[in-house]
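Reading the structure
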Amino acid sequence: MSTKYTELIDKIATENNATKNELIEIITNHENDNYLFDKADELRQKIYGKDVFLRGLIEFTNYCKNNCLYCGIRMGNHNVERYRLTKSEILECCETGYKLGFRTFVLQGGEDLFYTDEMLCDIIKTIKSDYNDCAITLSLGERSFDSFQKLYDAGADRYLLRHETSNPEHYTKLHPQNMSLKTRTDCLLELRRIGFQVGAGFMVGSPYQTTENLAEDLLFLKDFNPHMVGIGPFIPHKDTPYKEYKQGSMRDTLVMVALTRLLIPKTLLPSTTALGTINPQGREMGLKAGANVVMPNLSPTRFRELYSLYDNKICTGDEAAECRVCLEKRVISAGFKIVTNRGDSKV
Ligand code: SAM
Ligand code: FES
């Protein structure tokens, strides 16, 4: 272990800040990874103790009008069988989830205009009136500001919208021409202005990403100070233009998670399914590197495989209860405990 780097990690942990060059130094030097992970763990335990929060993920539609080049459910992929859940199917997921101790439901889907504001508001209001001690997180991509406001007024609490990359040129390599980083970040700012608890984030190892980009992403997050941060490895999908690109590394993803914890100590950080997909112990390692959220899947088993963002996604065959038990075991084996309250951010 080199003292130079441990001192730098200590400085970042104390000041919760770093320069781009300092971040690049940590990312490129592999020798002190365990020291970094321990520091991140220490900081998160100072704020959240050993608590790990549960979010029940409901992947309610795999229709999408976008064509993001990395994503398995992009519009241009004609090999996907598309599905949409009805309101009553979504409510059944919530019922199962509530019995299993979930107090946050995450409604995630492609950008699917079939679900109008009216339909979504109706679903949100029903969930909130049936389960008034639960939080609703939406992850529906970009919508009009007016729509965001209506969803918030209907009772939605949180919104996840990964920025994907904070570098405009890199953004254009990952997305078609009609999408822009500016629109994405304007949405994030508006969501926060409206009053949502907001989540940003990015993929590690996405095509054309450089170490500099990773450092820029961390600084973007530091500046935006989101309540939640989603970070997972890029994993290729066989029916996308980026099918030949290699997946993001476990090590780099863990380093990004740990550095995010040091820069934004109070943020809620999931140990993602993608991390569990590239390594059987990935989610445990994520928790030990500063993550404090897990998101078991509540979607009906028959649709799981169809929500295929990347190849070999795990947990597609398990019932909700099995996912819940499996994740609880993993959380305990990593030395933490699951809590069943709403788990709001302290940011
Ligand atoms: N449509 C919403 C949106 O755009 O925010 C939510 C669904 S989108 C599929 C959720 C996230 O999946 C994206 O933000 C992206 O980071 C991640 N994702 C998509 N394709 C992926 C891949 N091939 N590997 C890893 N993560 C991927
Ligand atoms: Fe729309 Fe991935 S391209 S969810």
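So, a few notes on the structure that sits alongside this text. (Residues numbered from 1 in each chain as written. Chains lettered and ligands numbered in written order. Predicted model: local features only at pLDDT ≥ 70, side-chain atom pairs only at ≥ 80, totals over all residues. Heavy atoms only, no water.)

1. Thoughts on the nonpolar core
Where we set the bar: Buried Ala, Val, Leu, Ile, Met, Phe, Trp, Tyr and Cys residues form a nonpolar core when they are joined through side-chain atoms within 4.5 Å. In this scheme, a residue with accessible area under 20% of its type's maximum is buried, one over 50% is exposed, and one in between is partly exposed, where area comes from a 1.4 Å probe on protein chains only. Note on contacts: a residue pair qualifies if any of its non-hydrogen atoms lie within 4.5 Å across the two residues.
With 103 residues, the main nonpolar core has Ile127 and Met256 as its most contacted residues. Non-local contacts of isoleucine 127, meaning those with residues more than four positions away in its chain, are made with Ile90, Leu91, Cys94, Phe105, Leu107 and Ile136. Counting ten residues, the second-largest nonpolar core is a separate cluster that includes Tyr48, Phe53, Val293 and Met295.

2. What about the site of ligand 1?
Here is the rule: We define proximity as follows: a residue is near a molecule or strand when any one of its heavy atoms falls within 4 Å of that partner. Under this definition, polar contacts are N or O atom pairs within 3.5 Å; protein pairs additionally need one hydrogen-donor-capable and one acceptor-capable atom, and for neighbouring residues in sequence, both atoms have to be side-chain atoms. Per-residue and other accessible areas were derived by the Shrake-Rupley procedure at a 1.4 Å probe size, with only the shown protein chains allowed to occlude residues. Gly is placed with the polar residues, together with every amino acid not listed as nonpolar (Ala, Val, Leu, Ile, Met, Phe, Trp, Tyr, Cys and Pro) or charged (Asp, Glu, Lys and Arg).
Among the 19 residues in the neighbourhood of ligand 1, the closest are listed as Tyr70, Gly109, Arg162, Glu164 and Ile235. Side-chain polar atom of arginine 184 to an oxygen atom of ligand 1: 3.2 Å apart, as the coordinates give it. When ligand 1 sits alone it has 560 Å² of accessible area, and the protein chains cover 92% of it. The class makeup of the residues in the shell around ligand 1 is eleven nonpolar, five polar and three charged.

3. Focus on the pattern of salt bridges
Going by this rule: Any Lys or Arg side-chain nitrogen found within 4 Å of a carboxyl oxygen on Asp or Glu counts as a salt bridge. Helix and strand assignments follow DSSP, with helices taken as H or I runs no shorter than four residues and strands as E runs no shorter than two, numbered in order from the N terminus.
Within the structure shown, the criterion is met by 31 salt bridges. Between lysine 39 and aspartate 10 there is a salt bridge; the shortest N-O distance is 3.5 Å. Here lysine 39, found in helix H3 (residues 33-48), pairs with aspartate 10, found in helix H1 (residues 3-15); they are 29 residues apart in sequence, far enough to count as distant. Judged by its relative accessible area of 19%, lysine 39 falls in the buried class. Put simply, arginine 302 and glutamate 89 hold a salt bridge, and the shortest N to O gap is 3.1 Å. Taken as a pair, arginine 302 in helix H13 (residues 301-304) and glutamate 89 in helix H4 (residues 87-99) lie far apart in primary sequence, 213 residues in all. Within this structure, Lys128, Asp157, Arg158, Arg342 and Asp344 form a network of salt bridges that share partners.

4. Here we look at the sheet that holds strand S7 (residues 228-233)
To be explicit about the condition: Pairing between two strands is assigned when DSSP locates at least 2 bridges connecting them. Angles run from 0 to 180 degrees between N-to-C directions of axes, and those axes are lines fitted to C-alpha atoms, restricted for helices to the stretch in contact.
Reading across the sheet, the six strands line up as S2-S3-S4-S5-S6-S7 and stay open at both edges, with parallel pairing between neighbours. Looking at strand neighbours, the two that pair on one side only are strand S2 (56-61) and S7, the edges of this open sheet. Adjacent strand axes in the sheet meet at a mean angle of 20° when their direction is disregarded. Across five bridges, the pairing between strand S3 (residues 104-109) and strand S4 (residues 135-139) is parallel. Looking at the pairing, phenylalanine 105 lines up with isoleucine 136 of S4. The strands touched by helix H8 (residues 181-194) within the sheet are strand S5 (158-160) and strand S6 (197-204), with S6 carrying the most contacts at an inclination of about 155°.

5. Comments concerning the pairing of S6
In plain terms, the rule: If you view a crossover with the strands going away from you and the path from the first strand over the helix to the second runs clockwise, you call it right-handed.
Counting buried residues along S6, eight of its eight residues qualify, which places the element largely inside the surrounding structure. As judged from the three bridges shared by S5 and S6, these two strands associate in the parallel manner. In the strand pairing of S6, arginine 158 is matched with glutamine 197. In this sheet, S7 lies alongside S6 in parallel orientation, the contact comprising six bridges. Bridged to phenylalanine 202 within S7 is isoleucine 231. Once you follow S6 into helix H9 (residues 211-224) and on to S7, the crossover reads as right-handed.

6. Overview of the side chain of arginine 143
Examined against the element boundaries, arginine 143 turns out to sit in the loop between S4 and helix H6 (145-154). Using a relative accessible area of 15% as the deciding quantity, one classes arginine 143 as buried. A polar contact is formed between the side chain of arginine 143 and the side chain of aspartate 117, at a distance of 2.9 Å. Other than its neighbours up to four places away in sequence, arginine 143 contacts Tyr115, Thr116, Asp117, Leu120, Phe148, Leu151, Tyr159 and Cys187.

7. Examining helix H5 (residues 117-130)
Defined as follows: Here the expected span of a helix is defined as 1.5 Å times the quantity of residues minus one.
The end-to-end C-alpha separation of H5 is 20 Å, in line with the 20 Å expected for 14 residues at 1.5 Å each. For H5, the full list of buried residues reads Asp117, Leu120, Cys121, Ile123, Ile124, Thr126, Ile127 and Lys128. Its buried side turned inward, H5 meets S2, H4, S3, S4 and H6.

8. Structural notes on the state of the cysteines
Filter applied, for reference: Any two cysteine sulfur atoms lying within 2.5 Å of each other are counted as a disulfide.
For the coordinates displayed, the defined rule picks out zero disulfides. A disulfide-free cysteine, cysteine 68 has its sulfur positioned 6.0 Å from the sulfur of cysteine 71, the nearest such atom. Judged by relative accessible area, which is 12%, cysteine 68 ranks as buried. For cysteine 187, which is in no disulfide, the shortest distance to another cysteine sulfur is to cysteine 68 and amounts to 13 Å.

9. Things to note about the pairing of strand S1 (residues 51-54)
Side chains Asp51 and Phe53 project from S1 onto one buried face, and the interleaved Val52 and Leu54 project onto a second face that is buried too. As paired elements, S1 and strand S9 (residues 337-339) share three bridges and run parallel to each other. Each bridged residue has a counterpart across the sheet, and for aspartate 51 the counterpart in S9 is lysine 337. Here S1 runs beside strand S8 (residues 293-294); their pairing, made up of two bridges, is parallel. For leucine 54, the partnering residue across the bridge sits in S8 and is valine 294.

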